[in-house]
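# An overview of the molecular structure
One-letter residues, chain by chain:
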Amino acid sequence: MKAKKPAKKLRHSPARIRRAIHAVREGETISNAAKKFNLPRTTLHDRVTGKVAPDSHGRGFHSVLGKETEAEPVKWITNCTEFGFPIDKETLYCGVEKVLKDSGRIAPLFNNNRPSDRWIYGFLKRHPEIRQKNQNMSTELVVA
């Protein structure tokens, strides 16, 4: 069986994307502007139509909580581990659910405003200062 090639990570300069969007708004077609500025047509189309923010960098979903709200659990985990109380995943789920409930926000990607294992994986990737530590059949989150 053939090994899969890793997906290409295309980098387009934000200035070039802005110039292409400006050209489209001035009347040029998306296809012509994409060729002229050497951008994929779909990338330019998504930015012009608002499907993707014009200044967006990278792939995948953005954090459901946002940077400011996501800083709260990071600070909480850091404080707890400094005092010798590591947080397990279940406690983190409850903590995030409480933050959302207290702020009156609803996270549409969460089931009943409760994060999933997939969210935890992304959270840990976004915050390398926090890591998982397995001890005696339980998984705890600690500051690296």
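Described below are features of the structure shown in this document. (Residues numbered from 1 in each chain as written. Predicted model: local features only at pLDDT ≥ 70, side-chain atom pairs only at ≥ 80, totals over all residues. Heavy atoms only, no water.)

On to the environment of Arg 19, then. Along the chain, Arg 19 turns up in helix 1 (residues 14-25). Residues Arg 19 and Phe 37, 18 residues apart in the sequence, show an inter-C-alpha distance of 8.0 Å. (Helix = DSSP H or I, 4+ residues; strand = E, 2+ residues; numbered from the N terminus.)

Next up on the list: the packing of helix 4 (residues 67-82) against helix 5 (residues 89-103). As a packed pair, helix 4 and helix 5 sit with axes 10 Å apart at the nearest point and diverge in direction by 140 degrees. In terms of axis orientation, helix 4 runs oblique to helix 5. In the packing of helix 4 onto helix 5, the handedness of the crossing is right-handed. Between helix 4 and helix 5, the residues in contact are Thr 69, Glu 72, Pro 73, Trp 76 and Ile 77 and Thr 91, Leu 92, Gly 95, Val 96 and Val 99, respectively. (Axes fitted to C-alpha atoms, helices over the stretch in contact; angles between N-to-C directions. Parallel < 35°, antiparallel > 145°, perpendicular 65-115°, else oblique. Left-handed = near helix turned anticlockwise from the far one by under 90°. Contact = heavy atoms within 4.5 Å.)

Moving on: helix 4. Residues separated by three or four positions in an α-helix point in the same direction, a consequence of the helix having 3.6 residues per turn. Across its 16 residues, helix 4 extends 22 Å between first and last C-alpha, which sits within 8% of the 22 Å expected from 1.5 Å per residue. Of the positions making up helix 4, those classed as buried are Thr 69, Glu 70, Pro 73, Val 74, Ile 77, Thr 78, Cys 80 and Thr 81. Backbone geometry just after helix 4 places Gly 84 at a positive phi near 90 degrees. (Expected span 1.5 Å × (residues − 1). Buried < 20%, exposed > 50% of the residue type's maximum accessible area, 1.4 Å probe, protein only.)

Inspection of the secondary structure assignment puts Pro 40 in the loop between helix 2 (30-36) and helix 3 (41-49). Pro 40 gets classed as partly exposed once you look at its relative accessible area, which sits at 26%. Considered as a pair, Pro 40 and Ile 30 are ten residues apart in the sequence and their alpha carbons are 9.9 Å apart.

For the rest of this paragraph, the subject is the pattern of salt bridges. One pass over the full model with this rule turns up six salt bridges. For Arg 126, the salt bridge is made with Glu 70, and the minimal N-O distance between the two is 2.9 Å. Of the two residues, Arg 126 is situated in helix 6 (residues 117-126) and Glu 70 in helix 4; the sequence distance between them amounts to 56 residues. A relative accessible area of 4% places Glu 70 in the buried class. With a shortest N-O distance of 2.7 Å, Asp 102 and Lys 98 are connected by a salt bridge. With Asp 102 and Lys 98 both in helix 5 and four residues apart, the pair spans about one turn of that helix. A relative accessible area of 58% places Asp 102 in the exposed class. Salt bridges sharing partners connect three or more residues here, namely Glu 90, Glu 97 and Arg 114. (Salt bridge = Lys/Arg side-chain N within 4 Å of Asp/Glu carboxyl O.)

A few words on unusual backbone geometry. Positive phi is not limited to glycine here, since Asn 112 has a value of about 55 degrees. Unlike most non-glycine residues, Asn 113 shows phi in positive territory, near 60 degrees. Following the sequence through the fold, Asn 113 ends up in the loop between helix 5 and helix 6. Asn 113 gets classed as buried once you look at its relative accessible area, which sits at 14%.

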